[in-house]
Amino acid sequence: MSQLDSIAQLLSRRPKRLALLEQIAEQGSITRAAKAAGLSYKAAWDAIDELNNLSEQPLVSRNVGGKGGGGARLTPAGERLLALQQRLQALQVQLLQAAGDDADLELLGRLMLRTSARNQLTGRVRAIHAHGHNDLIDIELPGGSHLQAQITHDSTENLQLSEGSSVVALIKAGWLELQPLQAPRAEQHNALEGRIEQILPASDGPSDVRISLPNGQTLCALLESAHLAELGLRVGDPVRAQFAASQVLLGTQL
């Protein structure tokens, strides 16, 4: 199964994401596309981040701000995905017809789980290092950046991981620690460098801070406004996102 196949399956389970892509192709505006797809502006950004992060090549190219709340267009990979989705929908009809009873469909639903982790980064296993009762999984992201995940030996075996395996790294937004590039780095932590693309403040909680990585993937961190001000970080600033290997969860395609 190709990576576009798996992303197309995600779209089939979350039709508003597919509608968003269709509207972006038609309207060229995140704001107008979100409204037409029945999503809030923030939810549209979350959806675009998720799709771009799960693809080795970004599916949506966007510009922050400007007329209509920011321009956006599908990349060639995004256009291919839409075409693939049409073929997948025909296959889904055949699958539903082949299912023996409702129990079969219920089982499929349990296997296709959603996750609450805001950050989902696709990558490939570069190496596996034994570390006590655990394994350190060295993962290469598109563009050459790396991160490590610490999981148990059993998890490594259950996921059938080996060098070259395709994986999705899941990191909760609240686990990311942001700091300016000039601040000293915690050597034992993962560190991904990027640029603050957008800050979405909230009156009753932490702000959403979106970090654009050089490879086109996006991270989302949650920071209290006071801490953000203390760090002196603003939109456009280069930033380092740090997190422990034990805070990275891994998933693989079924």
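Residue indices follow the written sequence of each chain, beginning from 1 at its first position. In view of the model being predicted, local features appear only for residues whose pLDDT reaches at least 70, and side-chain atom pairs are presented and counted only at 80 or more, with totals across whole chains, interfaces and linings using the full set of residues. Values shown for side chains rest on all heavy atoms present in the structure; no hydrogens or waters enter the calculation.

Here's the deal with the pattern of salt bridges
Two side chains that carry opposite charge are able to pair once their charged atoms sit near each other. Put simply, the rule reads: Criterion for a salt bridge: a side-chain nitrogen of Lys or Arg within 4 Å of a carboxyl oxygen of Asp or Glu. In DSSP terms, a helix is any run of H or I states spanning at least four residues, a strand is any run of E spanning at least two, and both are numbered starting from the N terminus. Working definition: with a 1.4 Å probe on protein chains only, accessible area under 20% of the residue-type maximum means buried, over 50% means exposed, and in between means partly exposed.
Counted according to the given criterion, the structure contains nine salt bridges. K42 is the partner of D208 in a salt bridge, and the nearest nitrogen-oxygen pair spans 3.4 Å. Note that D208 is positioned in strand β9 (residues 205–212) and K42 in helix α4 (residues 41–54), a separation of 166 residues in sequence. Residue D208 is classed as buried on the basis of its relative accessible area of 6%. Of the charged contacts, one joins R126 and D138 as a salt bridge, the two residues approaching to 2.6 Å between their closest N and O atoms.

Things to note about the pairing of β9
Under the convention used in this document: A pair of strands counts as paired when DSSP detects no fewer than two bridges linking them.
Judged from the six bridges that link them, strand β8 (residues 190–202) and β9 form a sheet pairing that is antiparallel. Its bridge partner being in β9, I199 is matched across the sheet by V209. As consecutive antiparallel partners, β8 and β9 are separated by two residues. Hairpin connection between β9 and strand β10 (residues 218–223): a loop of five residues separates the two successive antiparallel strands, and G216 in this loop has a positive phi of roughly 95°.

Some points on α4
Put simply, the rule reads: Every helix has an expected span of 1.5 Å times one less than the residues it contains.
The terminal C-alpha atoms of α4, which comprises 14 residues, lie 20 Å apart, in line with the 20 Å expected from a rise of 1.5 Å per residue. Among the 14 residues of α4, eleven are classified as buried, and the element is accordingly described as predominantly covered. Every buried residue of α4 is listed here: A44, W45, D46, A47, I48, D49, E50, L51, N52, N53 and L54.

Everything listed here is a matter of coordinates, which is why it stays silent on function.
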